[in-house]
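Chain by chain, the residues run as shown.
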Amino acid sequence: MNRRSFVKKSVLSSFAAIVGAEIVFGSNMIDGYTPLALQEPDPFKLFKKNNEMVVLNDKPWNIEAKAHLLDDKVTPNSSMFIRNNGKIPENINADNWKLVINGESVKQQKTYTLQELKSKFKHYTYQLTLECGGNGRSEFNPPAKGNQWTVGAVHCASWTGIRLKDLLEDVGIKSDAVYIAYHSADTHLSGDPSKEPISRGCPISKAMQEETLLAFQMNGKDIPLAHGYPLRLVAGGWPASVSGKWVNTISVRNIVHDGPKMTGTAYRVPCKNVAPGEKVEDKDMCIIESMPVKSLITYPKSGAMIKKNKSLNIRGHAWAGELEVSKLEYSIDFGATWQECELEKPTNRLAWQHFSATIQFPKIGYYEVWAKATDSNGVAQPMVVPGWNPKGYLNNACHRIAVKVS
Ligand SMILES: Nc1nc2c(c(=O)[nH]1)N[C@H]1C(S)=C(S)[C@@H](COP(=O)(O)O)O[C@H]1N2
Ligand SMILES: [Mo]
């Protein structure tokens, strides 16, 4: 007879500690069995997220915020969306974390420990807007495959780290350098260790900007595991896919990086507008760089009720990739007329900007408040979903909330 052994006492008590209760018939569990409660962890507890966040996918984890959860000027972890392409690395030991700088265009390969990075280079802190290229995807028609982000795949946290530029200068790069690429510790969903879930990067010019960081802190603390602990690339204003989490290698390339999610339809859009649903050839696709101008009304929550003759204070944030937002307007008549909002300057380049306005409504009834940002080049958000593309990127249509006056 093939007798199976039962779970060990020590394992049982550690399970009980995680579950937070005695596992009453636990001694009947066979060895190697994982209680369901540990197989399906509560993502809100696991990642310390507000339980109004929306889980779009659990394999891999993809979780988005709602507009009203993003009301803080600096986004706290509890409201930050999570976008993973693979499995979050396990058993990270920051004490022996290493960063390798290699590639065709380094003078010689170099390796730094996390400790060396922290002690050798000057630290900088910036608030940086990171928006997933696919934020707003759910509104494209014909629909695009992928996580159906609505409006909440954006955050602006405060990141502390070293400048990538300082590091690359220390390594020494050749004059033929074109691109930098990240490689990370997360693993492919297939379990195949030879495959990377994602490896992207940016042109040298973006890598050399003052605000492009290799960050080890977020909002003044170690970066949360889901957001890239212990080391993350942060390139504000570009699709957040450039900001590699759990980074263990930076490659300096003499070609445009060709890693997973750099080619085909991934993070690329037709170089020229196409009709919805049109087939686009590979050679006519361009890599997304600076993100377009956009804004979000974060207060009040859509569905607000106010009493007649009372004014309504609204507020939110606006961002424009590499550019500054120069104007923010609101409309209560479906875009027929616009009034200007108060708009603050960004705390630093590539941080989102805060806006506010006090609105009077002419009479009792249903209204929508729309917000529209304009960037420093005079380009405004469209009122309808812009340029269809195969993977549903770059939807920067005006955000709107419903308001009832009674
Ligand atoms: N290593 C690694 N880095 C990554 C990803 C990933 O799956 N693996 N996802 C990218 C994408 S597509 C986005 S939108 C952002 C999301 O960052 P966040 O989860 O901290 O919000 O991380 C980027 N960096
Ligand atoms: Mo993304």
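Residues numbered from 1 in each chain as written. Chains lettered and ligands numbered in written order. Predicted model: local features only at pLDDT ≥ 70, side-chain atom pairs only at ≥ 80, totals over all residues. Heavy atoms only, no water.

- The name given to the protein chain in an unreviewed UniProt entry is Sulfite oxidase, and the organism recorded there is Polaribacter marinivivus.
- Taken from UniProt, the Cofactor (unreviewed entry) comment for the protein chain reads in full: "Mo-molybdopterin". (UniProt positions renumbered as here; feature names shortened; annotations may be inferred.)

Thoughts on the domain arrangement of the protein chain
- According to the domain assignment, the protein chain contains domain 1 (3-39), domain 2 (50-287) and domain 3 (294-405).
- A separation of 37 Å is found between the C-alpha centroids of domain 1 and domain 2. (Domains from an automatic or database assignment.)

So, the site of ligand 1
- Contacts to ligand 1 come from 20 residues, most closely from Phe81, Asp186, His227, Arg232 and Lys245.
- Here an oxygen atom of ligand 1 sits 2.7 Å away from a polar atom, N or O, in the main chain of Asn85.
- A distance of 2.8 Å separates an oxygen atom of ligand 1 from a polar atom in the side chain of His155.
- Taken by itself ligand 1 offers 530 Å² of open surface, and the protein chains cover 100% of this.
- Mapped by element, the contributors of at least two residues to the shell around ligand 1 are strand 3 (82-83) and strand 8 (179-184).
- When its residues are assigned to classes, the shell around ligand 1 shows eight nonpolar, eight polar and four charged. (Near = heavy atom within 4 Å. Polar contact = N/O pair within 3.5 Å; in protein donor to acceptor, adjacent residues only side chain to side chain. Areas by Shrake-Rupley, 256 points an atom, 1.4 Å probe, with all protein chains shown as cover. Helix = DSSP H or I, 4+ residues; strand = E, 2+ residues; numbered from the N terminus. Nonpolar A, V, L, I, M, F, W, Y, C, P; charged D, E, K, R; others polar.)

Quick word on the state of the cysteines
- Counted under the stated rule, the structure contains one disulfide.
- With a sulfur-sulfur separation of 2.1 Å, Cys271 is cross-linked through a disulfide to Cys286. With the S-S bond torsion at 100 degrees, the cross-link from Cys271 to Cys286 turns out right-handed. You can see Cys271 sitting in the loop between strand 14 (268-270) and strand 15 (285-287) and its partner Cys286 sitting in strand 15, a full 15 residues away along the chain.
- Given a relative accessible area of 39%, Cys271 falls into the partly exposed group.
- As a non-bridged cysteine, Cys202 has Cys132 as the owner of its nearest cysteine sulfur, 17 Å distant. (Disulfide = S-S within 2.5 Å. Buried < 20%, exposed > 50% of the residue type's maximum accessible area, 1.4 Å probe, protein only.)

Some thoughts on the side chain of Arg232
- Residue position: Arg232 is located in strand 12 (residues 232-234).
- Here the side chain of Arg232 touches His227 through a polar contact of 3.1 Å, landing on its backbone oxygen.
- A polar contact is formed between the side chain of Arg232 and the backbone oxygen of Ser243, at a distance of 3.1 Å.
- Excluding its chain neighbours within four sequence positions, the residues that come into contact with Arg232 are Leu130, Trp159, Leu213, Leu214, Ala215, Ile223, His227, Ala240, Ser243, Gly244, Lys245 and Val247. (Contact = heavy atoms within 4.5 Å.)

A short note on the UniProt feature "domain: Oxidoreductase molybdopterin-binding" (unreviewed entry) in the protein chain
- Cross-referencing UniProt, the feature "domain: Oxidoreductase molybdopterin-binding" (unreviewed entry) maps to residues 86-257 in the present numbering.
- Taken end to end, residues 86-257 comprises 11% helix and 32% strand; its first and last C-alpha atoms sit 20 Å apart.

Focus on the UniProt feature "domain: Moybdenum cofactor oxidoreductase dimerisation" (unreviewed entry) in the protein chain
- Summarizing the sequence annotation, UniProt attributes the feature "domain: Moybdenum cofactor oxidoreductase dimerisation" (unreviewed entry) to residues 287-405 in the numbering used throughout.
- Strand forms 45% of residues 287-405 and helix 0%; the C-alpha atoms that close the span are 45 Å apart.

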